[in-house]
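Each chain, letter by letter, is given below.
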Amino acid sequence: MDGVDAEFEKLIQLQELDNALRQNTAELSDIPRLIQELEKKIQADSEQVVRAKEKLTQNQKKRRELEAEVKDLKAQVSRYKKQLNEVKNNKEYTALLKEIQETQEKIDRLEEEIIKELLSADEIEEEIRQATLNQKNEEQHLRQEIEALQQRKQQLEQEKSLLLKQKEELLPTIPRQQLHLYLSIARKRGGIAISRVTDEFCSMCQVRIRPQMLNEIRDRSKIHLCESCGRILYFDHSEESAGETEDSSR
Ligand SMILES: [Zn+2]
């Protein structure tokens, strides 16, 4: 009976190792994606600075264009003003005055636009300042997160090789037939081949276990599979004796 007991313990141990390995693998395989996301954030922050700077370049370019246009129009106005002295009749004079007025109005509109561009340059400069500050703060913080993930990855890799070593040592000690049973159930049942009996239920699928079967599972006299999910059922005696005043089973 002790022999059978020990095998159950080993199957439980194997399941615990497999569970830990599954968790380890899941977390480990997620790390590259998490690091990539953080790197994308760093990239996005620096792109924001670049975009704001591009905006300022555009603003300055537009302002220079407007200023050049104003300069041309002002030159035109002075040319018109010179022509005023040379006109022969009233009609030409009036027409020229009209031209001067219209050009001056155009200059006024353009100068208003230049002021708008100047004001918006102030805003853009503030935007650059904020984006640069944000980038600096965020990047430091994000790099720390990446560093922490890389450390976690190392830790998980060490943990994984330790778990694999323990599993490698455990496997040969489990009777071949029981191991085969375990593996074939695990393959079909999402990696979980054994199920603890809690009260009178299979803890994995919550199906009630027949009383007679329950006694045999408690005795650990033979392997019983859950009639519903097909997993190896076991009774956790350590939990049962934990509630008693003394543990005489060992
Ligand atoms: Zn079950």
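Just so we're clear, the structure is a prediction, and the values are computed from it rather than from any experiment.

Partitioning the chain into structural domains gives domain 1 (2-12 + 21-172) and domain 2 (175-240). The straight-line distance from the C-alpha centre of domain 1 to that of domain 2 is 58 Å. On the side of domain 2, 10 residues touch domain 1, which itself brings eight residues to the contact. Looking at the side of domain 1 that touches domain 2 residue by residue, the classes come out as five nonpolar, no polar and three charged.

Here the focus is the nonpolar core. Among the nonpolar cores identified, the biggest contains 13 residues, and L11, Y182, A193, I194, I232, L233 and Y234 are the most heavily contacted of them. Those elements giving two or more residues to this core turn out to be α1 (2-84), α3 (176-188) and β4 (232-234). For this core, the leading source of residues is β4, giving three residues. Beyond its immediate stretch of four places on either side in the chain, I232 contacts L11, L181, Y182, I185, A193, I194, I223 and L225.

A few words on the confidence of the model for the chain. Here the chain shows a mean pLDDT of 92. Residues at 70 or above account for 93%. Predicted confidence for residues 243-250 stays below pLDDT 50, and this span has three contacts to residues more than four positions away or in other chains.

Cut-offs and rules
Residues numbered from 1 in each chain as written. Predicted model: local features only at pLDDT ≥ 70, side-chain atom pairs only at ≥ 80, totals over all residues. Domains from an automatic or database assignment. Contact = placed C-beta atoms within 7 Å. Nonpolar A, V, L, I, M, F, W, Y, C, P; charged D, E, K, R; others polar. Core = buried A, V, L, I, M, F, W, Y, C linked by C-beta atoms within 7 Å. Buried ≥ 20, exposed ≤ 12 C-beta atoms within 10 Å, placed from the backbone. Helix = DSSP H or I, 4+ residues; strand = E, 2+ residues; numbered from the N terminus. pLDDT = per-residue confidence, 0-100.

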